[in-house]
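Coordinate inspection notes
Here is how the chains run, residue by residue.
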Amino acid sequence: MKKWHLVVDVANCTNCNLCALAVQDEHVGNAFPGYAEEMPKHGHRWIEIERRERGTPPVTDAAYLPVMCQHCDDAPCIAAAPDAISKRPDGIVLIDPVKSRDRRDIVDACPYGAIWWNEEKRVPQHWFFDAHLLDAGWAEPRCVTVCATNALRAVKLEDDEMERLIEAEQLEPLRPDLATRPRVHYKNLWRYNKAFIAGTVSVEIDGVVDCCAGATAALLRAGETLAEQRTDTFGDFKFDRLDPDGSAYELTITADGFAVATVAVTLDETRNVGDIRLSSR
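A short tour of the structure in this document, coming up. Being a predicted model, the structure only gives us computed values, none of them experimental.

The next subject is the overall build of the chain. A count of helices and strands for the chain gives 7 helices and 17 strands. Taken over the C-alpha trace, the chain has a radius of gyration of 24 Å; the compact-globule value for 281 residues is 19 Å, which it surpasses by more than 25%. When the backbone C-alpha atoms are referred to their principal axes, the chain occupies close to 80 × 35 × 35 Å. In the chain, which comprises 281 residues, the share counted as buried stands at 47%. Here the contacts in the chain between residues at least 6 apart in sequence split such that 59% fall between residues at least 24 apart. Counting every atom, the chain has about 13,900 Å² of accessible surface; 48% of that belongs to carbon and sulfur. Of note, the chain has its 32 positive side-chain charges centred 3 Å away from the centre of its 46 negative side-chain charges.

The strands making up a sheet associate through hydrogen bonds between their backbones, and the pairing can be parallel or antiparallel. Ordered by their spatial adjacency, 4 strands build an open sheet running S13-S12-S15-S16, and the pairing between neighbours is antiparallel. In this open sheet, the two edge strands, each paired with only one partner strand, are strand S13 (224-230) and strand S16 (261-267). Between one strand axis and the next, the sheet turns through 20° on average, direction left out of account. Where strand S15 (residues 247-254) lies against S16, 7 bridges are found, and the strand directions are antiparallel. Each residue of the ladder has a partner; that of serine 247, found in S16, is leucine 267.

Before going further, it helps to examine the pattern of salt bridges. Within this structure, the stated rule accounts for 26 salt bridges. A salt bridge links aspartate 73 to arginine 183, with the nearest nitrogen and oxygen atoms 2.9 Å apart. Linking aspartate 73 in the loop between strand S3 (59-67) and helix H2 (76-80) with arginine 183 in the loop between helix H6 (159-169) and strand S9 (184-187), this pair joins segments that are 110 residues apart in sequence. Here aspartate 73 falls in the partly exposed class, since its relative accessible area comes to 25%.

Basis of the calculations
Residues numbered from 1 in each chain as written. Predicted model: local features only at pLDDT ≥ 70, side-chain atom pairs only at ≥ 80, totals over all residues. Heavy atoms only, no water. Helix = DSSP H or I, 4+ residues; strand = E, 2+ residues; numbered from the N terminus. Rg over C-alpha atoms; globule rule 2.2 N^0.38 Å. Buried < 20%, exposed > 50% of the residue type's maximum accessible area, 1.4 Å probe, protein only. Contact = heavy atoms within 4.5 Å. Areas by Shrake-Rupley, 256 points an atom, 1.4 Å probe, with all protein chains shown as cover. Lys, Arg positive; Asp, Glu negative; His and termini not counted. Charge placed at Lys NZ, Arg CZ, Asp CG, Glu CD. Pairing = 2+ DSSP bridges. Axes fitted to C-alpha atoms, helices over the stretch in contact; angles between N-to-C directions. Salt bridge = Lys/Arg side-chain N within 4 Å of Asp/Glu carboxyl O.

What follows is the structure, given as structure tokens:
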């Protein structure tokens, strides 16, 4: 049968928080028997938007990562409380608001930190895909409806259809190391979890320093060339989607009429190597 999935495009999220506000508007002060108790007015973020800044001035960017219940097929919360949490045939995970009462341990069972404790009602809570609205005929959850940048997309597909979509759009799980088989899939996740090496190439001719457009920047590791690119009009280059794992890289910069420049880079976080001045031969 067809099952629900959420696709999150990190490149499109601008941290506008409309999704989080829609969840609060729907659930604060409203209980939905069989689905959830009402959401507290303060303290809960069923959709939490995390932020990561990369680089150092003048080469920087920021990415925003919406994190919510992942509706895992191998959900640790269900393993911890199978009497109180269930997965519907359509893939949605529900925490029973009655059977989960006083089960604060359920909060700790989620490795994504997506289950919240409601102290007043004494129940664990999460974003349950607005299952109450879908069951009433809605085509998508409210957070998707209000997303102004198409960063969120809900799809209901057969398993083989979803596999093809994952491959076609290069979707990834948030934490593949957890092996929970989540039904929330991330596009352009590299914007958040990868690093880049950037720099600027310049030359000095007759005492005048200028940008070096069209120079060849090559990125090497262990003597192997991984990528090459030409510097732009301002002499800038940027190698992205690299793992910040402490690997040792070497940059080589070549341009006609100038000596080759090399820079060693150890990448444990995004690096801007700054200005690389080429010397005349």
